[in-house]
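Architecture and fold: a report
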Amino acid sequence: MQKIVGLVLGGGKGTRLLPLTQHRSKPAVPLAGKYRIIDIPISNCINSGINQIYVLTQFNSVSLHRHIRQTYQFDRFDNGFVEILAAQQTNEGADWYQGTADAVRKQIRYIEQPWIDYVLVLSGDQLYRMDYEAMLEIHRREKADVTIAAVPVSRQAARSFGIMRINETGRVVGFLEKPQTEEEFAMVRSDPKWLDAHGIVSRGRDCLASMGIYLFNRETLVELLEKSDYQDFGKEVFPMSIRARRVQAYPFDGYWEDIGTIRSFYEANLALAKVPPPFEFESASGPIYTHARSLPPARVDGATIRESLLADGCVIESGAIIEHSVIGLRCHIGRNAVIRNSILMGADFYPSEDQRDPEHSDPCLGVCEGSVITGAIIDKNCHIGRHVRIESQNRPDADFDNLSIRDGIIVAHKGASFPDGWTLPGTGTR
């Protein structure tokens, strides 16, 4: 595993996650109350014995850089690192990254090191737990040039993914992006018996979807990038690899969720609050690492909390009701407030004494007395005044001064303030 370098692709604009990516990059978006999305691929690498990791960034990357710098510091004797490779002008080029493959091409000098035998290319916006060492074992056993992680899906789900066709040895012999017709499905269908024989219960699933996780022989990756001007791994480099190289599928049937849209982000976070959750952070063998903060334990006084995640440093006052929600760091929930099916990302700091409301004891950050939040995402450092109502009403996409509506979900902008008695525009007041 010391011969592998991990490349986490985190440089895209993240437009599908706006407004959460208005002031931060997609991998830096908070997850499950206390983590960042980038913590998932980096933790998977560390748990698999890969401790030499590059993160390729480009847009709104200041908070991501800060998080990585504060979190991932290795012992000086094991040569481990997590380093940022930001888009930059060089003698070879002065352009921004034009795609995932182009980003790696522009930083190719860092993978042309003599100690590197394999390059693991990972996405920065997925939630899953995987042992990459098992993937390497299959890659070496089958003498593959490229190995790609594949998850079995139904035909209905396959319409949203790139689908691979494999032969009896697991070699990838065909690929089609988002098949729609029966003729197209017939071209990429895989035999469910192959999955069953490899320890994965097919349950009628006969399509293998690309997870966007690639393990390359270093020489193969360098040659593929230098001999083409392809810009994207999934749409261009990978299909070219199938034609010219030995590409092996690595079947995976654990929890895996692409959280690149507001809807998928919202649903994935709330799923983590279920009992039992589809993905558990409580793992002795595969912990998820993040920035270690010096925060006090959460304080709860007479509140009712059901199926929810509560992060460090929170204060929940008497009478508050929290159901099926995620409550982030340093979040203050006032008396008799109601939070349902919502994600509150918390705050980056506690308000000082002079920042408190002079007429009340409520802090400026958090949810004040009697407010109701349902079906919403509240970004960091927001102030929700007294008796405010922010409730999902299945309205079309829209943008307002302090919030947006995406996929029927209300998203309060980072640092937004909602005065006492505020309700959503178009519902009666303010």
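Placed above this text is the structure.
Residues numbered from 1 in each chain as written. Predicted model: local features only at pLDDT ≥ 70, side-chain atom pairs only at ≥ 80, totals over all residues. Heavy atoms only, no water.

1. Overview of the overall build of the protein
When its secondary structure is counted, the protein shows ten helices and 31 strands. Its C-alpha atoms give the protein a radius of gyration of 23 Å, near enough to 22 Å, the size a compact globule of 430 residues would have. Looking at the 430 residues of the protein, the share that counts as buried comes to 53%. A fraction of 62% describes how many contacts in the protein between residues 6 or more apart in sequence connect residues 24 or more apart. Of the accessible surface of the protein, which amounts to about 19,100 Å², a share of 47% is contributed by carbon and sulfur atoms. (Helix = DSSP H or I, 4+ residues; strand = E, 2+ residues; numbered from the N terminus. Rg over C-alpha atoms; globule rule 2.2 N^0.38 Å. Buried < 20%, exposed > 50% of the residue type's maximum accessible area, 1.4 Å probe, protein only. Contact = heavy atoms within 4.5 Å. Areas by Shrake-Rupley, 256 points an atom, 1.4 Å probe, with all protein chains shown as cover.)

2. Points about the layout of surface pockets
Using a probe with the size of a water molecule, rolled over the atoms, empty space left in the structure can be pinpointed. Size it by volume and the largest pocket reaches roughly 1,500 Å³. R16, S123, D125, D232 and D258 are the residues nearest the centre of the largest pocket, which is lined by 49 residues in total. Of all elements in the fold, only α3 (100-106), β6 (118-123), β8 (146-153), β10 (172-177), β11 (207-217), α9 (233-244) and β13 (256-258) reach the threshold of two or more residues within the lining of the largest pocket. For the lining of the largest pocket, the residue count by class is 18 nonpolar, 21 polar and ten charged. (1 Å grid on protein atoms, 1.4 Å probe; cavity = no way out; pocket = protein on both sides within 12 Å on 5 of 7 lines; lining within 4 Å. Points joined across faces, edges and corners; volume = space filled by probe spheres on them. Nonpolar A, V, L, I, M, F, W, Y, C, P; charged D, E, K, R; others polar.)

3. Observations concerning the packing of aromatic side chains
How two aromatic rings sit relative to each other is given by the distance of their centres and the angle of their planes. Across all of its chains, the model carries twelve aromatic pairs by this definition. Through pairs of rings, three or more aromatic residues link up here, namely F175, Y214, F216, F233 and F238. Over the face of the ring belonging to Y35 we find K34, whose NZ or CZ atom lies 5.9 Å from the ring centre. (Phe/Tyr/Trp six-rings, centres within 6.5 Å; stacked < 30°, edge-to-face > 60°. Lys NZ or Arg CZ within 6 Å of the ring centre and 35° of its normal.)

4. Describing empty space enclosed by the protein
For the structure on display, the rule yields three cavities of 30 Å³ or more. Together, 15 residues line the largest cavity, and C331, G346, G366, D379 and C382 are the ones closest to its centre. Among the residues making up the lining of the largest cavity, the classes are represented as nine nonpolar, four polar and two charged.

5. Focus on the sheet that holds strand β25 (residues 376-378)
The seven strands lie next to each other as β16-β19-β22-β25-β30-β29-β28, forming an open sheet whose pairing is mixed. The open sheet has two edge strands, β16 (309-310) and β28 (398-399), and neither has a second partner. Pairing of strand β29 (residues 403-406) with strand β30 (residues 409-412), which is carried by four bridges, proceeds in the antiparallel orientation. Looking at the pairing, R406 lines up with I409 of β30. (Pairing = 2+ DSSP bridges.)

6. A word on the sheet that holds strand β27 (residues 389-391)
Taken together, the five strands give an open sheet; going across it, the order is β15-β18-β21-β24-β27, and neighbouring strands pair in parallel fashion. For this open sheet the edge positions go to β15 (304-306) and β27, each flanked by a neighbour on one side alone. Neighbour-to-neighbour, the strand axes of the sheet open up by a mean angle of 5°, direction not taken into account. Inspection of the sheet shows strand β24 (residues 372-374) paired to β27 by three bridges, in the parallel sense. Bridge pairing in β27 places V372 opposite R389. (Axes fitted to C-alpha atoms, helices over the stretch in contact; angles between N-to-C directions.)

7. Digging into α9
For α9, every residue scored as buried is listed here: F233, G234, V237, F238, P239, M240, S241 and I242. Where α9 begins, the capping side chain belongs to D232, and its oxygen is found 3.0 Å from the backbone nitrogen of G234. (Polar contact = N/O pair within 3.5 Å; in protein donor to acceptor, adjacent residues only side chain to side chain.)

8. Observations regarding the pattern of salt bridges
All told, the structure shown has 23 salt bridges when counted by the stated rule. Between R105 and D102 there is a salt bridge, with its nearest N and O atoms 3.4 Å apart. On the criterion of helical spacing, the pair formed by R105 and D102 is a turn pair, its members being three residues apart in helix α3. Just as R105 is buried, D102 falls in that class too. Across the salt bridge formed by E267 and R263, the nearest N and O atoms sit 3.6 Å from each other. Here the residue E267 and the residue R263 both occupy positions in helix α10 (residues 262-272), the gap between them amounting to four residues, near one helical turn. You can call E267 partly exposed: its relative accessible area is 44%. Here the salt bridges share partners, and the residues they tie into one network are R155, E182, R189 and D206. (Salt bridge = Lys/Arg side-chain N within 4 Å of Asp/Glu carboxyl O.)

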